[in-house]
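A look at the structure
Residue-level listing of the chains:
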Amino acid sequence: MSELTKLTIAEARDRLRAGDVTATELTEACLAEIEKADALGAFVHKTPELALQQAAAADARIQGGAENPMCGIPLGIKDLFCTQGVPSQAASNILEGFKPEYESTVTTQLWQAGAIMLGKLNMDEFAMGSSNETSCYGNAVNPWRRGNEETALTPGGSSGGSASAVAADLCLAATGTDTGGSIRQPAAFTGITGLKPTYGRCSRWGIVAFASSLDQAGPMTKSVRDAAIMLRAMAGHDPKDSTSADIPVPDFEAAITGDIRGKTIGIPKEYRMEGMPAEIEKLWADGADMLRDAGAKIVDISLPHTKYALPTYYVIAPAEASSNLARYDGVRFGHRAKLAQGDGITEMYEKTRAEGFGAEVQRRVMVGTYVLSAGFYDAYYNRARKVRALIKRDFDEAFAGGVDAILTPATPSAAFGLGEMADADPVQMYLNDVFTVTVNLAGLPGISVPTGVDSSGLPLGLQLIGQPWEEGALLNVAQTLEDAAGFVAKPARWW
Ligand code: GLN
């Protein structure tokens, strides 16, 4: 296997600048790895010609002295991002054949920085899921396996293809999106780093909407430093997204000093869930020790409304989704059902939506329309909005009390087997998000850092939650954790 595809963004940047390697060589190495990795189901649309054109342009820019650290870096892009002229299906049959006429703001900024698109990455349909099993393309597979077992494991979801591709070194990094944990959970399941920025840090324009008040794009990378480099290129105010914040984008990499002396790290007692595996407890305690050893003060905190976070999320997210997904009607985008003699427009909508949406998406549309319906709006949707405000207030109070960042587990378990949850109640699957959804409900930045392995050798991650707009400070604590944990394991290659 080519060593080039294993490079971090920071390493590649330095070697590109030194003239040790070209963007074209890096791109060719990634394209070759992608061709050998169909068994991972990560790339669902490949764009080799575009990649090589972009690489040639990046090489010219680098020779001309280009300074942007993303220049010449080959990336995978989650299928949720609209990319001009390239299939962008949100892993749904209803968007079959959809090639946008426009490019999302985040990817536009990445290409302006000189980054290279290798193709589109698998995900759960419309980003609804925690295992990448709701995709119209079929499952993405985790490159990691339990010991010597051959059981295929989930890479997590919804950004499962992104996680699998980065962990298997098919690309240097990938974009993800996170509505309730879809960057952080797959990152934890695959031993990579995933950052969900503060709500409003990255433009949502041109990203297929799931739940607009929760959705954020972010980087999925091989290191904390790479997350800092890539976030800078993705972030920034965009007049086309009214919720994108008009505040400056700092140099996040410069914030990584490795010095966290005197910082206060909160450990929320409500995240100590009943029945939590001992391995996760230990990982969490070890993480706290690492930060303490680096000079931070570890304090116990309380986030009392945590227990309502999952039910709140699973009212608000489906409510917004049901409204956002109303646009897929067989008229404007993608798939339209074949109609029978005498069918009118109502049958056209019904048949198209019944064929185009998978079971999980249909479930969410039904839950969403129910909680928004006239008779139940106050009982469910409005109540959930009130609880959401209380969840946010818990965090505000912790930060006002002097906490700089909060440490929690990223997931309640390591990666599980594909199909293992098939017969379970959907709520079992929703429990995956127990540590991550609070962060979306409160609009905060959160990062998952790989810090250990379980008894079968699967990666486990810890989550750090930061103050709004303080991604730099958050990344600095995350770097300390990465350095102390020294997680360098890679999956054994079987694909
Ligand atoms: N797993 C969560 C869900 O199914 C989160 C998904 C996401 O963050 N996009 O809604």
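The structure contained in this document is the topic of the report that follows. Every value quoted in this text rests on a predicted model; they were computed, and no experiment measured them.

In this structure, Ser 158 follows Gly 157 across a cis peptide bond, with omega equal to 5°. Mapped onto the secondary structure, Ser 158 falls in the loop between strand 3 (116-121) and helix 5 (160-167). Backbone geometry at Ala 90 places phi at a positive 50°, although glycine is not the residue there. Position of Ala 90 among the secondary structure elements: in the loop between strand 2 (74-78) and helix 4 (105-112). Assessed through its relative accessible area of 0%, Ala 90 is described here as buried. A positive phi angle, near 70°, is found at Trp 469, a position not held by glycine. Position of Trp 469 relative to the elements: it lies in the loop between strand 11 (459-466) and helix 15 (471-485). For Trp 469, a relative accessible area of 30% translates into the label partly exposed.

Bringing the sheet that holds strand 8 (residues 297-301) into the picture now. Judged by pairing direction, the sheet is mixed, and its 11 strands sit side by side in the order 1-3-2-4-6-5-10-11-9-7-8 without closing on themselves. Each edge of the open sheet is held by one strand with a lone partner, namely strand 1 (43-46) and strand 8. Geometrically, the sheet is characterised by an average inter-axis angle of 30° between neighbouring strands, direction not taken into account. As paired strands, strand 2 and strand 4 (residues 173-178) are joined by two bridges and run parallel to one another. When the sheet's bridge partners are listed, Leu 75 is paired in strand 4 with Ala 173. Where helix 3 (residues 48-63) meets the sheet, it contacts strand 1 and strand 3, and its direction lies at approximately 155° from that of strand 3. Sheet strands touched by helix 15: strand 5 (193-196), strand 7 (264-268), strand 9 (405-409), strand 10 (446-453) and strand 11. Its angle to strand 10, the strand with the most contacts, is close to 5°.

Met 70, Leu 75, Leu 110, Phe 126, Phe 395 and Leu 407 are the most contacted members of the largest nonpolar core, which has 151 residues in total. In terms of residues, this core owes the most to one element, helix 9 (residues 309-324), which gives nine residues. Sequence-distant contacts of Leu 407, defined by excluding residues within four places in its chain, comprise Ile 265, Gly 266, Ile 267, Pro 268, Trp 284, Gly 287, Ala 288, Leu 291, Leu 462, Gln 463, Leu 464 and Leu 481.

Turning our attention to the packing of helix 9 against helix 11 (residues 359-371). For the pair helix 9 and helix 11, the least separation of the axes is 7 Å and the interaxial angle reads 100°. If you check the angle between helix 9 and helix 11, you find them roughly perpendicular. Listed contacts from helix 11 to Tyr 314, Val 315, Pro 318, Ala 319 and Ser 322 of helix 9 are Arg 364, Val 365, Val 367, Gly 368, Thr 369 and Val 371. Residue composition of the contact of helix 9 with helix 11, by class: seven nonpolar, three polar and one charged.

Conventions and cut-offs
Residues numbered from 1 in each chain as written. Predicted model: local features only at pLDDT ≥ 70, side-chain atom pairs only at ≥ 80, totals over all residues. Heavy atoms only, no water. Helix = DSSP H or I, 4+ residues; strand = E, 2+ residues; numbered from the N terminus. Buried < 20%, exposed > 50% of the residue type's maximum accessible area, 1.4 Å probe, protein only. Pairing = 2+ DSSP bridges. Axes fitted to C-alpha atoms, helices over the stretch in contact; angles between N-to-C directions. Contact = heavy atoms within 4.5 Å. Core = buried A, V, L, I, M, F, W, Y, C linked by side-chain atoms within 4.5 Å. Parallel < 35°, antiparallel > 145°, perpendicular 65-115°, else oblique. Nonpolar A, V, L, I, M, F, W, Y, C, P; charged D, E, K, R; others polar.

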